[in-house]
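# Descriptive analysis of the structure
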Amino acid sequence: MIIMNYNMLSVLLAFIIMELYNLRRLISNKESIKVLITYVVITASSLVIGLLLAAGRRPASPAEWIQWIFKMIGVVK
Amino acid sequence: MKISKLAILFMLSILLPGCWDNTDLTDINIVTALGIDKDEDGKIIVTVQVAEPAAVQLTSSTHGGGGGSAQIKPVYVKSYKGETIYDALISMKSIIDKRLFLSTTQVLILGERFCKDGINETLDYLHRDYQANYLADVLVARGATPEQILKIQPDMDTIPAMYIKGTAENTAIRAKVERKMLIELFKDIKNECRQATIGQITRLDDKTVKTEGTAVFMNGKLVGWLDQYQTRGYLFVTDKVKHTTVSCSVNNSKISVEIIQSSGKKNVIFKNGEPAKLSIQMRLEGNISEYIGKETLNSPEDIRIIEKKISQEVKKEINMALTKAQKDYSSDIFGFGELVHKYYPQYWKKVMDKWNDIFSRLPVDVWVDIKIRQTGLIKSPMKKDE
Amino acid sequence: MEKARISGLQLFLLMTGFLLGSRLIINPGTEAKADGWLAILISGTGGLLLITLYSLIVLLNPSRTLVEILRDRFGNAIGSVVAVFYIWYFIHLASLVFRDFGSFLVTTTYPRTPMEVIIALFALSIIYAANSGIEVMGRISEILVPFIPFLSTIIGASIVTTHDFTAFLPVLENGIKPVIKESLNLLTFPFGEAVVFLTIFPYLNNKRHLKKITTLSTLLVTVLFLYIFFRNIIILESHFLEQATFVPHLTSVLFPGINLEPLFDVIMIIGGGIKITCAIYAAVISLSQLTGAKDYRIFTSCIVAFSVILSLWIHENIFELFSWTGNVWAYYSIPFQVVIPFILLLFSLFKKDKLQDEE
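Below is a summary of the structure that appears in this document. Everything quoted here is computed from the prediction, not taken from an experiment.

Before going further, it helps to examine the overall build of chain B. In terms of regular secondary structure, chain B is built from 14 helices and 14 strands. Judged by the C-alpha coordinates and their principal axes, chain B covers about 85 × 65 × 60 Å. Evaluated residue by residue, chain B yields a buried proportion of 49% over its 386 residues. For chain B, contacts bridging at least 24 residues in sequence account for 70% of all contacts bridging at least 6. Surface summary for chain B: the accessible area is close to 19,500 Å², and the carbon and sulfur share equals 52%.

Here's what the structure looks like:
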């Protein structure tokens, strides 16, 4: 069973509505395909991470990757 | 356009009620005083004094007029046991109806047993919690439990906590008890160069308490007390005296001098890298406020004699406080250690752990200088001319 | 590039607000304890050099923002890759500030409100501000930023009741090492973060004053940090400083009589809002230039949403946040704040003539 964090979900929902609303403008503005892809990638990744967080399945965060890299180099103890 | 207007309305309805944390005044119990003690088994007993605003208003408006309807008491006092302070406060809800609101705490009273077991670690909750009032006055109850103290019903104020706070506050004109706020106590606890002291409160009868004297701590544990004169000596040295009255007798006549300004300076004198002695310098200014006697008071020489007497008196009080701190408790409540830490950090690092013993052995030089400026509306004392 | 101009005063206030930003929550110079003032002085000097470096880059590459400069100097391919890293860095910066504020508000003012809701509500106003453009941001800072030094001074001046002005003694009790470490921390957070302004400096209407404005702003911030540090240490003593999670908040609670906490929260939100807005704006402008979008505004909401999610994702608890900003952030920032700008400056100096010939 997955316990969902409903506050997180509602925040996500609000953002999704906003971004879909924005997407309409993006298409009507006739932006290039590159812009569209960037937009979709960023939105999708934040959606996926947000859902994972709401489900309590937190993946290792960029801060941890960076710390790990620095530990490998030996800058940070 | 329509959508954005709707969105704004929707947003306002979310934003304006103050999120999750709105609390109505009717949903909280206003805590005016908090008492903390320990029982024999080491459990914490927390006592709260809660004020009922409606009843406070009622009692003050219908005072002497006879209320008529059923009287609600303006305050009630409840105690509860728990493993920690927070545990006790939360468990207490089994006997209390509403949420306890701690930000209004005016007075914090610590029990004797609680203090003897050490306050360094146990007060953590009051520091960690977001609603703690750092400006509450802290007092140690002597010869009574905090519950007994908080259960008094004073004539002077409908809320006992306000009455107790008042007596602690007016130390500004008498300097017989140290007024210690919670934040200052935390600073004392955290500072290893200085030992903590807290004002003392005793219960006289059902209606009265007395705040006089000081509780002396050593490494967070209550080790003893200073009486009112020693307390004043201590306050003189730590430069916390604002106004006070010092009395002395000269040739069968009694004189009271009101100290209007006091500045104390302490120092540790080093010789060959070791502390050789402590020195205390006091500069006081005062006015003659009462003179019961037959002498005349006309010339500067008369004033000089009184100045000398008063300075001896102040010196005596300071020496009494020093003797108590050095010989009986060996606890550096004056904060000489801070001076060593600041100006001789290398030496301090070596002696940090045994500083209180070193402090106890050091001789002290006390130097008091008092200037009497005014004599009030009359010059010579009241007497029949012969 | 947006067709907009901001005045010198607006840039000065925007930058001051940005630099004060979230450092107002976390006491400047805590780790060096009583020697924090030394760390502030050292990092202020270093910050002055860094910020002068950034303004020199902009002066040598007139009316170009970060992405364009990078592409000009490093070539299209490498420049774009570096630009992507910078965009990530700006988003990361914004999300860290989001998290700082979320933690702060959850601890002190809204203990029972979920952090994601606080951050999300905060983010909505950020989207609005960033969408309004740099001119509006400049005007907002003109109204709001003066409150920060003003209120800080009031809070400080009214609380100093104990006059132990020797509280900062002894000097260098624990040696020079913690001072150096804290200086590095302060240099990279907040002074070096002004690298964000590489995208904002080009909008200044009168470039001749750029160096003067940045210098003044850095000096003002250093002085304010010193003031805040001394205020805190005089009120709280050095032994006590390290104990509190949010030191300046603690000092504001100590005012007898009235509750100054709301004033303090206002300062925080102004500083943090401006900081996040600048970071988001920089990220959005850079991204739109990188992808060649016609209007930068289409990216605002998705970038803000991403950084909000990132802020919730990035650290699990407050200790991770503090230890990360204390230990890793400095090293992580050095390439972005020092190395790349320095190379950029060298390239700009050497290729200057060549580029002008082409034009």
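Here we take up the overall build of chain C. On a plain count of helices and strands, chain C comes out with 15 helices and 0 strands. Against the 2.2 N^0.38 benchmark of 21 Å for 359 residues, chain C shows a C-alpha radius of gyration of 20 Å, consistent with a compact globule. Once the C-alpha set of chain C is aligned to its principal axes, its extents read approximately 65 × 40 × 35 Å. Looking at chain C residue by residue over its 359 residues, the buried ones come to 64%. Excluding contacts between residues fewer than 6 apart, the proportion of contacts in chain C whose partners are at least 24 apart in sequence is 86%.

Looking now at the interface of chain C and chain A. As a measure of interface size, the accessible area lost when the parts come together is often cited. Contact with chain C, which involves 38 residues of that partner, is made by 39 residues of chain A. Counting the surface lost from both chain C and chain A, the interface buries some 3,200 Å², and carbon and sulfur atoms represent 73% of this. If you sort the residues of chain C by the area they bury against chain A, Ile-298, Ile-309 and Trp-313 of chain C come out on top, with a joint share of 24%. Here Arg-58 of chain A and Glu-316 of chain C are joined by a salt bridge, their closest N and O atoms 3.8 Å apart. In this assembly, chain C and chain A are joined by 12 residue pairs in polar contact (both at pLDDT 80 or more). Top element by residues in the side of chain C that touches chain A is helix H13 (residues 297-314) of chain C. It accounts for 14 residues. The residue inventory of the side of chain C that touches chain A, partitioned by class, reads 26 nonpolar, 6 polar and 6 charged.

This part covers the environment of Pro-146 of chain B. Residue and element names in this part refer to chain B. Inspection of the secondary structure assignment puts Pro-146 in helix H6 (residues 146-150). On the basis of relative accessible area, Pro-146 is assigned to the buried category, the value being 2%. Considering only alpha carbons, one finds Pro-146 and Gly-111, 35 residues apart in sequence, at a separation of 5.7 Å. Among all residues touching Pro-146, those that are not within four sequence positions of it are Gly-35, Ile-36, Asp-37, Ile-109, Leu-110, Gly-111 and Ala-141.

This paragraph deals with the nonpolar core. Core analysis: the biggest nonpolar cluster contains 191 residues, and Val-48 and Leu-110 of chain B together with Phe-197, Phe-299 and Ile-303 of chain C have the highest contact counts within it. Considering every element that reaches this core, the biggest residue donor is helix H12 (residues 261-291) of chain C, with 16 residues. Formed by 49 residues, the second largest nonpolar core is a distinct cluster that contains Cys-248, Ile-288, Ile-306 and Leu-362 of chain B.

What follows concerns the sheet that holds strand E11 (residues 244-250) of chain B. Pairing between the strands of a sheet comes from backbone hydrogen bonds, and it takes one of two forms, parallel or antiparallel. Residue and element names in this part refer to chain B. What the 4 strands build is an open sheet, ordered E11-E12-E13-E14; its pairing is mixed. Two strands close off the open sheet at either side, each with one partner strand: E11 and strand E14 (364-374). Across the sheet, the axes of successive neighbouring strands diverge by a mean angle of 35°, strand direction being ignored. In the sheet, E11 pairs with strand E12 (residues 253-271) via 7 bridges, with the strands oriented antiparallel. When the bridges of E12 are listed, Cys-248 appears paired with Ile-255.

The next point concerns a nonpolar patch on the surface. All names here are of chain C. There is a patch of nonpolar side chains on the surface, built from Val-338, Val-339, Phe-342, Ile-343, Leu-346, Phe-347, Leu-349 and Phe-350 and spanning about 700 Å² of accessible area. Along the polypeptide, Phe-350 turns up in helix H15 (residues 329-358). The exposure class of Phe-350 is exposed, given its relative accessible area of 69%.

Bringing unusual backbone geometry into the picture now. Residue and element names in this part refer to chain C. Looking along the chain, the bond that leaves Phe-189 and enters Pro-190 is cis, with omega of 25°. In this fold, Pro-190 is placed in the loop between helix H8 (177-188) and helix H9 (210-236). Backbone geometry at Ser-63 places phi at a positive 45°, although glycine is not the residue there. Within the secondary structure, Ser-63 is located in the loop between helix H2 (36-60) and helix H3 (66-74).

A word on the interface of chain B and chain C. At the junction of the two partners, chain B supplies 25 residues and chain C supplies 29 residues. Between chain B and chain C, the buried area comes to about 2,600 Å², and carbon and sulfur atoms account for 63% of it. The tally of links between chain B and chain C comes to 0 salt bridges. Elements that contribute at least two residues to the side of chain B that touches chain C include exactly helix H1 (2-15), helix H9 (182-190), helix H12 (336-343) and helix H13 (345-351) of chain B. Partitioned by chemical class, the residues of the side of chain B that touches chain C number 12 nonpolar, 4 polar and 9 charged.

Take Ala-141 of chain B: it is sitting in strand E6 (residues 137-141). It is 6.1 Å that separates the C-alpha atoms of Ala-141 of chain B and Glu-112 of chain B, two residues lying 29 residues apart in sequence.

In this section: the packing of helix H6 (residues 134-144) of chain C against H12 of chain C. Residue and element names in this part refer to chain C. It is the contact of H6 with H12, at a shortest axis distance of 11 Å, that shows an interaxial angle of 165°. With respect to H12, the axis of H6 lies roughly antiparallel. Crossing hand, H6 versus H12: left-handed. Residues Ile-134, Met-137, Ser-141 and Leu-144 of H6 pack against Ile-270, Ile-274, Thr-277, Cys-278 and Tyr-281 of H12. Partitioning the contact of H6 with H12 into residue classes produces 7 nonpolar, 2 polar and no charged.

Cut-offs used in this document
- Residues numbered from 1 in each chain as written.
- Chains lettered and ligands numbered in written order.
- Predicted model: local features only at pLDDT ≥ 70, side-chain atom pairs only at ≥ 80, totals over all residues.
- Heavy atoms only, no water.
- Helix = DSSP H or I, 4+ residues; strand = E, 2+ residues; numbered from the N terminus.
- Buried < 20%, exposed > 50% of the residue type's maximum accessible area, 1.4 Å probe, protein only.
- Contact = heavy atoms within 4.5 Å.
- Areas by Shrake-Rupley, 256 points an atom, 1.4 Å probe, with all protein chains shown as cover.
- Rg over C-alpha atoms; globule rule 2.2 N^0.38 Å.
- Buried area = accessible area lost by both parts, 1.4 Å probe.
- Salt bridge = Lys/Arg side-chain N within 4 Å of Asp/Glu carboxyl O.
- Polar contact = N/O pair within 3.5 Å; in protein donor to acceptor, adjacent residues only side chain to side chain.
- Nonpolar A, V, L, I, M, F, W, Y, C, P; charged D, E, K, R; others polar.
- Core = buried A, V, L, I, M, F, W, Y, C linked by side-chain atoms within 4.5 Å.
- Pairing = 2+ DSSP bridges.
- Axes fitted to C-alpha atoms, helices over the stretch in contact; angles between N-to-C directions.
- Patch = residues over 30% accessible without salt bridge, like charges linked within 9 Å, V, L, I, M, F, W, Y side chains within 5 Å.
- Parallel < 35°, antiparallel > 145°, perpendicular 65-115°, else oblique.
- Left-handed = near helix turned anticlockwise from the far one by under 90°.

The analysis is restricted to geometry; functional conclusions fall outside its scope.
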